[in-house]
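Examining the three-dimensional arrangement
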Amino acid sequence: MSSKQVVLLLITVICCLFFLLFLRKDWGRQTVRKELRVTQWPNDPLNDPKYKVREDFIINMIALNGSRPYTSKEMKLLRELAQMKEGDCLWRDHRGDAIYLLSLSPDPRQREEALHFAIDGLKDPCWYIRVLSVKALDRLRAKETVTLILPLLNDPQPEVREEAKKTLQKLGYQVGE
């Protein structure tokens, strides 16, 4: 080994040791925690313990990926989230997630509920919920909702327009530029 390679190896080992020490001492997390305590914004959902519980629930349901019908307890919470309309988009982002999750269910009755929630979500003022509602209708192969999706091709939000276009194409309709 040349002296250059030895020096590089030595520097790499020192950096790794420093990184491990940094992780072991938990320095990075403490800095972030202190920063969060200092800069809490009023009405930030991340400060609300209910938000974290809902977030964890959504993550667990996403992991299922439609592998089984939802239990009655899961359906109850998904219904509550899918109907949530108070607050701004950040508070209601779980509404869109719940609507889409309902569309993943293999159970026909649960998919029927998803259809109703998705149709309602198309009119939501929050663009994120409109996008997930269109995705849910795509997942449900809901051709009967084409007339409800068409107006979204003129939505002010580009993400909504793009999702509406993709969904209409997947449902067998030609959509021009």
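Everything numeric here is computed off the predicted structure, so don't read it as measured data.

**Quick look at the packing of helix H6 (residues 108–121) against helix H7 (residues 127–139)**
Their axes nearest at 8 Å, the elements H6 and H7 cross at an angle of 145°. As for how H6 packs across H7, the hand of that crossing is left-handed. Here Arg111, Leu115, Ala118, Ile119 and Gly121 of H6 come into contact with H7, specifically with Ile129, Arg130, Ser133, Ala136, Leu137 and Arg139. When the residues that make up the contact of H6 with H7 are grouped by side-chain class, the tally is six nonpolar, two polar and three charged.

**As for helix H3 (residues 49–64)**
The end-to-end C-alpha distance of H3, which contains 16 residues, comes to 23 Å, matching closely the 22 Å that a straight helix rising 1.5 Å per residue would cover. What H3 keeps buried is the set Tyr51, Arg54, Phe57, Ile58 and Met61. Projection of H3 onto a plane perpendicular to its axis shows the buried side chains occupying an angular sector of 125°, all on one side. The exposed set on the far side of H3, more than 90 degrees from its buried face, consists of Pro49, Val53 and Ala63. Once H3 finishes, Asn65 follows within two positions and takes phi at roughly 50°, a positive value.

**Describing the nonpolar core**
Counting 35 residues, the largest nonpolar core has Tyr70, Leu78, Ile99, Leu101, Leu102 and Leu137 as its most contacted members. At the level of secondary structure, the elements contributing two or more residues to this core comprise H3, helix H4 (72–82), helix H5 (89–104), H6, H7, helix H8 (146–149) and helix H9 (158–170). What Tyr70 contacts, discounting residues up to four positions off in sequence, is Met61, Leu64, Met75, Leu78, Leu101, Leu102, Leu104, Ser105 and Gln110.

**Regarding the side chain of Asp124**
Relative to the helices and strands, Asp124 is located in the loop between H6 and H7. Dropping the residues within four chain positions of it, Asp124 is found in contact with Arg92, Arg95, Ile129 and Arg130.

**Notes on the pattern of salt bridges**
Tallying each qualifying case throughout the model produces nine salt bridges. Taking the shortest distance from any N to any O, the salt bridge between Arg130 and Asp155 comes out at 2.9 Å. A residue pair is termed long-range when its members are at least 10 positions apart, and Arg130 in helix H7 and Asp155 in the loop between H8 and H9 qualify at 25 residues. Asp155 shares its class with Arg130; the two are buried. A single salt-bridge network, built from bridges that share partners, covers Arg95, Asp120 and Asp124.

**Brief notes about the confidence of the model for the protein**
In regions of low pLDDT, the predicted coordinates are not meant to be interpreted in detail. Per-residue pLDDT for the protein averages 83, and the proportion of residues at 70 or more is 79%. A low-confidence stretch, residues 27–39 (pLDDT under 50), is modelled with five contacts involving residues beyond four sequence positions or located in other chains.

**Topic: H7**
With 13 residues, H7 extends 18 Å between its outermost C-alpha atoms, agreeing within 8% with the 18 Å of an ideal straight helix rising 1.5 Å per residue. Taken as a whole, H7 has its buried residues at Ile129, Arg130, Val131, Leu132, Ser133, Val134, Ala136, Leu137 and Asp138.

**A short note on the packing of H3 against H4**
Where H3 contacts H4, the two axes come as close as 12 Å, and the packing angle between them is 115°. Between H3 and H4 lies a crossing whose hand is left-handed. Contacts from Arg54, Phe57, Ile58, Met61 and Leu64 in H3 reach Glu74, Leu77, Leu78 and Leu81 in H4. For the contact of H3 with H4, a count of residues per class yields seven nonpolar, no polar and two charged.

**So, the packing of aromatic side chains**
A full pass over the atoms with the stated rule returns one aromatic pair. With a centroid separation of 6.4 Å and an interplanar angle of 90°, the aromatic rings of Trp127 and Tyr128 are classed as edge-to-face. With relative accessibility at 33%, the residue Trp127 sits in the partly exposed group.

What counts, and where the lines are drawn
Residues numbered from 1 in each chain as written. Predicted model: local features only at pLDDT ≥ 70, side-chain atom pairs only at ≥ 80, totals over all residues. Heavy atoms only, no water. Axes fitted to C-alpha atoms, helices over the stretch in contact; angles between N-to-C directions. Helix = DSSP H or I, 4+ residues; strand = E, 2+ residues; numbered from the N terminus. Left-handed = near helix turned anticlockwise from the far one by under 90°. Contact = heavy atoms within 4.5 Å. Nonpolar A, V, L, I, M, F, W, Y, C, P; charged D, E, K, R; others polar. Expected span 1.5 Å × (residues − 1). Buried < 20%, exposed > 50% of the residue type's maximum accessible area, 1.4 Å probe, protein only. Arc of directions from axis to C-beta. Core = buried A, V, L, I, M, F, W, Y, C linked by side-chain atoms within 4.5 Å. Salt bridge = Lys/Arg side-chain N within 4 Å of Asp/Glu carboxyl O. pLDDT = per-residue confidence, 0-100. Phe/Tyr/Trp six-rings, centres within 6.5 Å; stacked < 30°, edge-to-face > 60°.

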